[in-house]
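# Tertiary structure, described
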Number of protein chains: 2
Amino acid sequence: MIDLGPLQIMPGEQLVRVRGRTLMLSIRELHLLIELGRRADRIVSREELFRLAWGRKMRSGDRSVDVYVRRLRVKLEEALPGWRFIHTHFGFGYRLSPEGVPTEGGSDPSQSDDQPFTRR
Amino acid sequence: MIDLGPLQIMPGEQLVRVRGRTLMLSIRELHLLIELGRRADRIVSREELFRLAWGRKMRSGDRSVDVYVRRLRVKLEEALPGWRFIHTHFGFGYRLSPEGVPTEGGSDPSQSDDQPFTRR
DNA sequence: CCAGCTGATCACAGCCTGTTCACACCCGCG
DNA sequence: CGCGGGTGTGAACAGGCTGTGATCAGCTGG
């Protein structure tokens, strides 16, 4: 199991939990998140992400990864308002790492940091 | 990995961390910082820095290095208020070496408030 | 056959970045 | 003290890269 603060990814169980609550994800969304999770805190290129989650080579110009990242962001934001999980590295790819916001009644710092100190 | 106190440069991962938090840098900023890091504590001329980070010869009069040094300074200051990393050597070039805010050195009454906690 | 969902693509808007300028500021030197 | 050149900064630009909403077709269960 991959434990990322409030986010828990269980590849074996084929499910993801946020604060104990199971996230409803489609198979693609799930695989994408799992692969991102396996490389948490590291930058993963679109090509590699596609190869990992789709199992085949990405055709140049394919925006599928972007679209699914978007969908994951929506669902994650919905599950944990104010947190940011998937970070864009312009020209490189994406990186998964939980960043909570300090403006939460009760706060849940877990193990990661909070406060993204650079725009975006 | 290049470990410079609170600053960790990971050329392989294509990312830089400050106190464990990932710094959001553009490709140029990243390469420039990496090359500076590889020569930490040594003075590197603009020409060499440009050649290393841009991969080609610097045209005379090109201010790119200055501009990117500036941007790096802003992001580093933002990530670690009060610290100084990139030092200018007039007529020679730049040198990277982390220096925590010196509470000595004489006059510095205006900005005595360097570390506002650990950023909530 | 219909309704609901999901994967795959598009097209367009908007953001980010690498470059260049222009001008203020600072340094060493005569 | 006045210079001339080096350095610090803020902005403007053109393009490429991403974010996003919508559309379409294939499946599946009812």
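Preceding block: the structure.
A brief structural summary. (Residues numbered from 1 in each chain as written. Chains lettered and ligands numbered in written order. Predicted model: local features only at pLDDT ≥ 70, side-chain atom pairs only at ≥ 80, totals over all residues.)

## Describing the environment of B:Arg73
Mapped onto the elements, B:Arg73 comes out in helix α3 (residues 64–79). A count of 14 C-beta atoms within 10 Å places B:Arg73 in the partly exposed class. (Helix = DSSP H or I, 4+ residues; strand = E, 2+ residues; numbered from the N terminus. Buried ≥ 20, exposed ≤ 12 C-beta atoms within 10 Å, placed from the backbone.)

## Concerning the sheet that holds strand β6 (residues 84–89) of chain A
Backbone-to-backbone hydrogen bonds join strands into a sheet, with any given pair of strands oriented parallel or antiparallel. All names here are of chain A. Taken in spatial order, the three strands of this open sheet run β5-β7-β6, and their pairing is antiparallel. In this open sheet, the two strands that pair with only one neighbour each are β5 (43–45) and β6. Here the average twist between neighbouring strands, direction ignored, is 30°. The strands touched by helix α2 (residues 46–54) are β5 and β7 (93–99); relative to β5, the strand with the most contacts, the crossing angle is about 75°. (Pairing = 2+ DSSP bridges. Axes fitted to C-alpha atoms, helices over the stretch in contact; angles between N-to-C directions. Contact = placed C-beta atoms within 7 Å.)

## Here's the deal with the protein's contact with DNA strand D
With respect to spatial proximity, 17 residues lie near DNA strand D, and among them A:Asp66, A:Arg70, A:Thr88, B:Arg70 and B:Thr88 are the closest. When residues of the surface near DNA strand D are traced back to their parent elements, those giving at least two are α3 (64–79) of chain A together with α3 of chain B. A per-class count over the surface near DNA strand D returns six nonpolar, four polar and seven charged. (Near = placed C-beta within 6 Å. Nonpolar A, V, L, I, M, F, W, Y, C, P; charged D, E, K, R; others polar.)

## Description of the protein's contact with DNA strand C
In the vicinity of DNA strand C lie 20 residues, with A:Ser26, A:Arg28, B:Ser26, B:Ile27 and B:Arg28 positioned nearest. Among the elements of the structure, α1 (27–38) and α3 of chain A together with α1 (27–38) and α3 of chain B are those that each provide at least two residues to the surface near DNA strand C. Each residue belonging to the surface near DNA strand C can be placed in one class, and the counts come to six nonpolar, four polar and 10 charged.

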